[in-house]
Amino acid sequence: MPAVPHELFVRDVRIAPNLVLAPMEGVTDLTFRRLIRQIGGPGLVFTEFIPAEGLRRDIRKVREMVAFDEDEHPIAVQLYGRSAAALAEGAKIAEDLGADIVDFNMGCPSKKVCAHSGGSALLKEPEIARELVRAIRGAIKAPFSVKMRTGWDPSHKNAPEIAWMCQEEGAEMVTVHWRTRADLYGGVRELDTIAEVKRRLRIPVLANGDIVDYDSAVDTLARTGADGVMIGRGAIKNPWVFKQVAARFRGEASIEVDAHEREQVMLGYFASIRDRFGHDKGALGRFKKISKYFTHGVPYGSLLRVAVLHSHSADEAIGVVREFFDRLRRWEAGEEPHPFNGASPEDASPSEESAA
Ligand SMILES: Cc1cc2nc3c(=O)[nH]c(=O)nc-3n(C[C@H](O)[C@H](O)[C@H](O)COP(=O)(O)O)c2cc1C
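These numbers were taken from a predicted model, which means no experiment stands behind them.

What to know about the side chain of Thr 220
Relative to the helices and strands, Thr 220 is located in helix α9 (residues 214-224). Taking the relative accessible area as the measure of exposure, Thr 220 reaches 1% and is therefore buried.

Here is the structure:
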């Protein structure tokens, strides 16, 4: 295995380690990023995607989405949209707020975003893409990056051309998710297109898609030659992933997470979203969304997932989490051979993915 890099620079922004929290709508808000920061490990975090138009119109909800803490640097604010004027203005607002990097979303496969020529639809319309990239670049001095999929579908993988265009228009980093728009969240893992992007470009390239641990991070870096990796769902399933991979980069032993720590993180996160939402209905909905992923990293996690999803109130959800981890602790301590009536600790149930 060739040596792989452990840090990168986007102009003067140092990203060390070169492990990046992906933008995830409805997930990587301030609360989730605080959780990740408290655990530690990423060299850069992304906001969820922010509608440029909403930012320009100063919509309260959008202002909340773009908020970040003073100690979150470096942070990339990701924008999406189809209006050059709105993107330029939104980018300027993000820059003025102190974003270290302003990122443009050219990867979102959702029908809502693509229908208006935003997100991954731009891969089919390179001239519109160029116009939007140019508008953002012209509006800000801060480093600017673009995130994309490898193409619209497997027979149109034009990320190398689009990424080159972005670089020529002044982008200073690109992130490439190995899937095409048509793959949505399926498809067959293919890293050659990212490797091709990396070969053609002078600017740093982040590789993205299904990186969940040290082995997949190193394998992706080695096979693509990328400068860093971006991790999305792997960080919801396992918020310790950055810390674990970073420790291995430093040559330290792998970090194990026990039931107690998982419980603390899950309940602590729930308490923060209750605070943030101010009402239990919204907080419970968000908690269920995160739990769907988080429980994949937990032994017997499918049982916890079902119990949380069936909870009718925030208090009930907290109760089921406590009871579950109580049993898990007894199992880990060897006090209970079959804590869940002989169910398998392997979590084999399928995950439900968002279409973002
Ligand atoms: C719930 C969810 C929300 C997402 N929202 C965004 C988004 O706002 N902007 C974006 O560029 N990508 C978004 N994505 C895509 C991720 O950033 C990432 O490219 C994708 O999940 C593949 O990486 P992974 O396998 O590490 O999850 C989202 C993905 C998920 C699962």
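The rest of the description comes next.
What about the site of the ligand?
Lining the immediate surroundings of the ligand are 19 residues, of which Glu 25, Gln 78, Asn 208, Asp 210 and Arg 233 lie closest. In this structure, Asn 105 approaches the ligand through a side-chain N or O atom, which is 2.9 Å from an oxygen atom. Alone, the ligand offers 610 Å² of accessible surface; in the complex the protein occludes 98% of this. Class assignment of the residues belonging to the shell around the ligand gives a composition of eight nonpolar, seven polar and four charged.

Some thoughts on the nonpolar core
Soluble globular proteins: nonpolar side chains tend toward being buried together. Ranked by size, the top nonpolar core spans 97 residues in total, and within it Phe 104, Met 106, Val 146, Met 148, Cys 166 and Val 174 carry the most contacts. Here the element with the most residues in this core is helix α15 (residues 314-332); it accounts for eight residues. A domain split of this core shows at least three residues from each of domain 1 (8-249) and domain 2 (259-332). In this structure Val 146 touches Asp 103, Phe 104, Met 106, Val 133, Cys 166, Ala 171, Met 173, Val 174 and Thr 175, once residues within four positions along its chain are discounted. Of all hydrophobic cores here, the second largest spans 13 residues; its members include Val 10, Ala 22, Phe 46 and Met 230.

What to know about the packing of helix α13 (residues 280-294) against α15
Relative to each other, α13 and α15 sit at 35 degrees, their axes nearing to 9 Å. Between α13 and α15, the residues in contact are Asp 280, Leu 284 and Phe 287 and Ala 314, Ala 317 and Val 321, respectively. In the contact of α13 with α15, the residues fall into five nonpolar, no polar and one charged.

A closer look at the pairing of strand β8 (residues 144-149)
Counting buried positions along β8 gives six out of six residues, so the element sits mostly inside the fold. Where burial is concerned, the two faces of β8 agree: the one with Phe 144, Val 146 and Met 148 and the one with Ser 145, Lys 147 and Arg 149 are both buried. By the bridge criterion, five bridges tie strand β7 (residues 101-106) to β8 in an arrangement that is parallel. By the bridge assignment for β8, Asp 103 is matched with Ser 145. Relative to strand β9 (residues 173-177), β8 runs parallel, the two being bridged by five bridges. When the sheet's bridge partners are listed, Met 148 is paired in β9 with Val 176. Viewed along the sheet, the connection from β8 through helix α7 (residues 159-168) into β9 turns out right-handed.

Details of the packing of helix α14 (residues 301-309) against α15
Running from N to C, α14 and α15 point in directions that differ by 165 degrees, and their axes come no closer than 9 Å. Comparing their axes, α15 and α14 come out roughly antiparallel. Considering only the axes of α14 and α15, their crossing is right-handed. Taking contact as the criterion, the partners of Gly 301, Leu 304, Ala 307 and Val 308 in α14 are, on α15, Val 320, Val 321, Phe 324 and Phe 325. The class makeup of the residues in the contact of α14 with α15 is seven nonpolar, one polar and no charged.

As for the domain arrangement of the chain
Domains assigned within the chain are domain 1 (8-249) and domain 2 (259-332). Domain 1 and domain 2 are separated by 29 Å when their C-alpha centres are compared. Both faces combined, the contact of domain 1 with domain 2 buries some 1,400 Å², and carbon together with sulfur accounts for 65% of it. Summed over the three residues of domain 1 that lose the most area to domain 2, namely Thr 31, Lys 237 and Trp 240, the buried surface amounts to 41% of that side. There are one salt bridge connecting domain 1 and domain 2. Its salt-bridge partner being Asp 29, residue Arg 286 comes within 2.8 Å of it at the nearest N-O pair. The interface formed by domain 1 and domain 2 includes five residue pairs in polar contact (both at pLDDT 80 or more). Secondary structure elements with two or more residues in the side of domain 1 that touches domain 2: α1 (30-39) and α10 (233-237). With five residues, the top contributor of residues to the side of domain 1 that touches domain 2 is α1.

Scoring rules and cut-offs
- Residues numbered from 1 in each chain as written.
- Predicted model: local features only at pLDDT ≥ 70, side-chain atom pairs only at ≥ 80, totals over all residues.
- Heavy atoms only, no water.
- Helix = DSSP H or I, 4+ residues; strand = E, 2+ residues; numbered from the N terminus.
- Buried < 20%, exposed > 50% of the residue type's maximum accessible area, 1.4 Å probe, protein only.
- Near = heavy atom within 4 Å.
- Polar contact = N/O pair within 3.5 Å; in protein donor to acceptor, adjacent residues only side chain to side chain.
- Areas by Shrake-Rupley, 256 points an atom, 1.4 Å probe, with all protein chains shown as cover.
- Nonpolar A, V, L, I, M, F, W, Y, C, P; charged D, E, K, R; others polar.
- Core = buried A, V, L, I, M, F, W, Y, C linked by side-chain atoms within 4.5 Å.
- Domains from an automatic or database assignment.
- Contact = heavy atoms within 4.5 Å.
- Axes fitted to C-alpha atoms, helices over the stretch in contact; angles between N-to-C directions.
- Pairing = 2+ DSSP bridges.
- Right-handed = clockwise from strand over helix to strand, strands pointing away.
- Parallel < 35°, antiparallel > 145°, perpendicular 65-115°, else oblique.
- Left-handed = near helix turned anticlockwise from the far one by under 90°.
- Buried area = accessible area lost by both parts, 1.4 Å probe.
- Salt bridge = Lys/Arg side-chain N within 4 Å of Asp/Glu carboxyl O.

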